[in-house]
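Per-entry structural report
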Amino acid sequence: MQEQSKAISEDDATKTALTEANRRYEQKFGRIFIICATGKTSADILAFLETRMKNDAATELHEAAEQQRQITQLRLHRWLESE
């Protein structure tokens, strides 16, 4: 997706760390990590992921829902602008 394009171009070490952190997140919370990646580098996303790993389940569910809301809002805005 467009909001992830900046993150895709980062270095291999950060990508590897992000892959491992995503695996740990999924093991802990039982779902994939979601973040509104617009304007964020892989290093930024990794830092957010590590911070959110400290959340309890309820707090993280709320944060994940908020991130999904932001993604949906951006996509709707882009879609409406293209009409």
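To keep things clear, this report deals only with the structure shown in the data block.

How each quantity is defined
- Per chain, residue numbering runs from 1 following the sequence as it is written.
- Where local features are concerned, this predicted model is filtered to residues with pLDDT of at least 70; where side-chain atom pairs are given and counted, the filter is 80 or more; whole-chain, interface and lining totals use all residues.
- Values shown for side chains rest on all heavy atoms present in the structure; no hydrogens or waters enter the calculation.
- When a carboxyl oxygen of Asp or Glu is within 4 Å of a side-chain nitrogen of Lys or Arg, the pair counts as a salt bridge.
- Going along the chain from the N terminus, every DSSP run of H or I of four or more residues is numbered as a helix, and every run of E of two or more is numbered as a strand.
- Remark: exposure states derive from per-residue accessible area (1.4 Å probe, protein chains only) relative to the maximum for the residue type, with buried under 20%, exposed over 50%, and partly exposed in between.

**Notes on the pattern of salt bridges**
- All told, the structure shown has four salt bridges when counted by the stated rule.
- Here Glu 50 ties to Arg 24 by a salt bridge, and the two come within 2.6 Å at their closest N and O atoms. Residue Glu 50 is found in helix 3 (residues 42-52), and its partner Arg 24 is found in helix 2 (residues 12-29); the two are separated by 26 residues along the sequence.
- By relative accessible area, which is 31% here, Glu 50 ends up partly exposed.
- Overall, Arg 24 belongs to the partly exposed group, its relative accessible area being 29%.
- Linking Arg 52 and Glu 60 is a salt bridge whose minimum nitrogen-to-oxygen distance equals 2.5 Å.
- For Arg 52, a relative accessible area of 6% gives the class buried.

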